[in-house]
Number of protein chains: 2
Amino acid sequence: MTTAPRTRLSSDERRSQLLDLGVRLFATRSLSEISIDLLAETAGISRGLLYHYFGGLAGFQEAVVRRAAADLITRTAPPVEGDAVERLLVSMRGYVDFVDENYEGYLSLVTGARSGNESLRAIYDEARRTLTDRLFESDTDHLLEDTPAMRLLVHGWSALAEEMVLGWKARGGVTRDELVELITGALPALAGAVPSGG
Amino acid sequence: MTTAPRTRLSSDERRSQLLDLGVRLFATRSLSEISIDLLAETAGISRGLLYHYFGGLAGFQEAVVRRAAADLITRTAPPVEGDAVERLLVSMRGYVDFVDENYEGYLSLVTGARSGNESLRAIYDEARRTLTDRLFESDTDHLLEDTPAMRLLVHGWSALAEEMVLGWKARGGVTRDELVELITGALPALAGAVPSGG
């Protein structure tokens with residue numbers, strides 16, 4: 001447990017390198033496919049190494065998901081410039097690209113979060129909360145009145161966005177740009193339908 | 001396997017009676033809580049009876065979910081009279097009431113559908129598809145142009161509705177009537193935001 005890492009990399013660097021490998025695998029594999037065998041085969045990560053840095057496979061998967069969630073939040077950060085809808089458009093382009101590039105992993109995260117896995121659900125819920133809270137915080141144009149009704153609707157919009165990207169990946173039907181515009185346009189349309197002060 | 005039912009009820013009636021009991025339990029329990037022991041304790045349903053009529057517990061749970069999905073479709077049937085939004089309002093009131101009355105079971109169905117359980121997922125997907133298809137079929141006011149973009153958006157709206165009802169059950173924030181109006185108003189608002197012919 002206290003054996004020193006074998007390379008000259010610091011412990012943090014080595015851990016981070018392993019995570020990078022995990023996140024790359026996560027792009028094209030579901031979480032359940034990220035097994036000890038797969039890690040050993042494709043990335044040369046052994047059971048002992050996983051145990052040393054992450055306490056085991058489950059800890060490694062959780063760390064990978066946590067990193068993927070952090071990446072998602074970074075990738076969807078709205079720019080400082082522009083009006084609310086322009087900034088949302090950039091943010092949603094980042095969201096669609098992220099899901100597109102990490103489809104298998106993202107799908108398994110959504111799935112894992114909805115199923116009984118409590119630690120995955122917590123990471124997923126926190127990421128979602130961060131994304132929706134940010135909408136209210138960065139809403140300098142007062143697109144969204146901060147009421148319980150609007151909070152409920154924005155959470156609904158977030159589920160709509162997820163459903164639409166996953167549906168688009170599975171069945172297509174529109175171009176990427178059309179998808180981004182549909183998701184982006186949905187938010188002000190929904191906000192406009194809330195009775196004022198409601 | 002071929003033993004006759006002990007009462008004078010026909011085989012179909014007896015099966016249907018067992019399902020009724022299951023659906024009542026489903027209202028206040030998650031699927032995973034519907035065990036052989038619980039069934040025996042609360043409804044006098046034995047392992048042998050389950051095996052005889054449903055091939056076992058999993059078959060019984062699946063039949064319960066199938067009945068619950070059929071109930072949901074019936075409960076949300078829009079009336080014949082009224083314009084599109086009025087009919088949708090009645091339908092959504094039925095939806096909110098159904099989820100409210102069957103919260104534990106519904107939540108476990110959503111959860112089970114998203115997790116790896118293929119047969120639950122199939123029932124859930126079919127129910128959702130029926131509900132969204134019906135929106136297009138009953139759209140005599142041409143609220144929804146039948147394009148790939150609109151189909152994608154209506155599926156998104158369906159996810160929004162589910163998220164909002166479950167969020168409302170978990171956290172409240174608005175009255176039942178406000179919730180029904182928010183979900184109902186969301187659909188024409190979203191439809192109006194789709195570029196025509198897009």
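In this text the structure is predicted, and so the values were computed from the model without any measurement.

Participant: Can you walk me through the overall build of chain A in this structure?
Facilitator: Along chain A, the regular secondary structure elements total nine helices and zero strands. In chain A, the succession of α and β elements from N to C terminus is α-α-α-α-α-α-α-α-α. Referenced to the eigenvectors of the C-alpha coordinate spread, the extents of chain A come out at roughly 60 × 35 × 35 Å. Relative to its full complement of 198 residues, chain A shows a buried share of 47%. Contacts spanning at least 24 positions in sequence make up 65% of the contacts within chain A whose residues lie at least 6 apart. Accessible surface, chain A as shown: approximately 9,600 Å² in total, 51% of it carbon and sulfur.

Participant: How should I be thinking about the domain arrangement of chain A in this particular structure?
Facilitator: How big an interface is tends to be stated in terms of accessible area lost as the parts join. All names here are of chain A. Looking at the assigned domains, one finds that chain A contains domain 1 (11–60) and domain 2 (76–192). Relative placement of domain 1 and domain 2: their C-alpha centres are 28 Å apart. Taken together, the contact pairs six residues of domain 1 with nine residues of domain 2. Summed over both sides, the interface between domain 1 and domain 2 buries roughly 540 Å², with carbon and sulfur atoms accounting for 66% of that surface. Ranking the residues of domain 1 by area buried against domain 2 places F26, A27 and L31 at the top, with a combined share of 73%. Our count for the contact surface shared by domain 1 and domain 2 stands at zero salt bridges. In the side of domain 1 that touches domain 2, the residues fall into three nonpolar, two polar and one charged.

Participant: Whenever I open this one, helix 8 (residues 148–171) of chain B confuses me. Can you help?
Facilitator: All names here are of chain B. Taking 1.5 Å of rise per residue, 24 residues should cover 34 Å, and helix 8 covers 34 Å from first to last C-alpha, within 8% of that figure. Helix 8 sits mainly inside the fold: 19 of its 24 residues count as buried. One or two residues past the end of helix 8 sits G172, with phi positive at roughly 65°.

Participant: Would you take a moment to explain the pattern of salt bridges for this structure?
Facilitator: Once the charged atoms of two side chains with opposite charge are near each other, the side chains can pair. For the coordinates displayed, the defined rule picks out 22 salt bridges over all chains. Two residues, A:K169 and A:D100, come together in a salt bridge whose shortest N-O distance is 2.5 Å. A residue pair is termed long-range when its members are at least 10 positions apart, and A:K169 in helix 8 (residues 148–171) and A:D100 in helix 5 (residues 84–101) qualify at 69 residues. Residue B:R151 is joined to B:D146 by a salt bridge in which the shortest nitrogen-to-oxygen separation is 2.9 Å. The exposure class assigned to B:D146 is exposed, which follows from its relative accessible area of 52%. Overlapping salt bridges bring together A:D97, A:D100, A:K169 and A:R176 as one network.

Participant: Mind showing me how you'd approach the environment of B:I36 here?
Facilitator: Residue and element names in this part refer to chain B. Positionally, I36 belongs in helix 2 (residues 36–43). Residue I36 is classed as buried on the basis of its relative accessible area of 17%. A C-alpha to C-alpha distance of 35 Å links I36 and L160, two positions 124 residues apart in sequence. Other than its neighbours up to four places away in sequence, I36 contacts I45, R47, L50 and L57.

Participant: Got a minute to help me understand the relation of the copies chain B and chain A in this structure?
Facilitator: Two chain copies, one operation linking them: a rotation about an axis together with a shift along it. Screw-axis analysis of chain B against chain A gives a translation of 0.0 Å along the axis, an RMSD of 0.0 Å, and a rotation angle of 180°. Between the two chains, the operation in question is that of a two-fold axis. Comparing interface residues between copies, 100% of those in chain B also lie at the interface in chain A; the contact surface is shared.

Participant: Sorry, what's going on with the nonpolar core here?
Facilitator: Side chains that are nonpolar tend, in soluble globular proteins, to be buried together. Counting residues in hydrophobic clusters, the biggest one holds 123 residues, and the most contacted among them are A:W157 and B:W157. Those residues within four positions of A:W157 in sequence are excluded, and the remaining contacts are A:L88, A:M92, A:L135, A:I183, A:A186, A:L187, A:L190 and B:L160.

Participant: Mind showing me how you'd approach the interface of chain B and chain A here?
Facilitator: Contacts between chain B and chain A engage 31 residues on the former and 31 residues on the latter. Here chain B packs against chain A, burying approximately 2,400 Å² in sum over the two surfaces, 75% of which is carbon and sulfur. The interface formed by chain B and chain A holds two salt bridges in total. Two residues, A:R128 and B:E163, come together in a salt bridge whose shortest N-O distance is 3.3 Å. Our enumeration of links across chain B and chain A arrives at two residue pairs in polar contact (both at pLDDT 80 or more). Of all the secondary-structure elements, those providing two or more residues to the side of chain B that touches chain A are helix 6 (103–114), helix 8 and helix 9 (176–193) of chain B. Tallying contributions element by element places helix 8 of chain B first for the side of chain B that touches chain A, with 15 residues. Class assignment for the residues of the side of chain B that touches chain A results in 19 nonpolar, seven polar and five charged.

Participant: Help me understand the UniProt feature "DNA-binding region" (unreviewed entry) in chain A in this model?
Facilitator: In the numbering used here, UniProt assigns the "DNA-binding region" (unreviewed entry) feature to residues 35–54 of chain A. Within the segment residues 35–54 of chain A, helix and strand shares are 80% and 0% respectively, and the terminal C-alpha atoms sit 14 Å apart.

Participant: I tried to follow the UniProt feature "domain: HTH tetR-type" (unreviewed entry) in chain A on my own but got confused; where do I start?
Facilitator: The UniProt record annotates "domain: HTH tetR-type" (unreviewed entry) at residues 12–72 of chain A. From the first C-alpha to the last, residues 12–72 of chain A spans 22 Å; its make-up is 80% helix and 0% strand.

What counts as what
Residues numbered from 1 in each chain as written. Chains lettered and ligands numbered in written order. Predicted model: local features only at pLDDT ≥ 70, side-chain atom pairs only at ≥ 80, totals over all residues. Heavy atoms only, no water. Helix = DSSP H or I, 4+ residues; strand = E, 2+ residues; numbered from the N terminus. Buried < 20%, exposed > 50% of the residue type's maximum accessible area, 1.4 Å probe, protein only. Contact = heavy atoms within 4.5 Å. Areas by Shrake-Rupley, 256 points an atom, 1.4 Å probe, with all protein chains shown as cover. Domains from an automatic or database assignment. Buried area = accessible area lost by both parts, 1.4 Å probe. Salt bridge = Lys/Arg side-chain N within 4 Å of Asp/Glu carboxyl O. Nonpolar A, V, L, I, M, F, W, Y, C, P; charged D, E, K, R; others polar. Expected span 1.5 Å × (residues − 1). Least-squares fit on C-alpha atoms with pLDDT ≥ 70 in both. Core = buried A, V, L, I, M, F, W, Y, C linked by side-chain atoms within 4.5 Å. Polar contact = N/O pair within 3.5 Å; in protein donor to acceptor, adjacent residues only side chain to side chain. UniProt positions renumbered as here; feature names shortened; annotations may be inferred.

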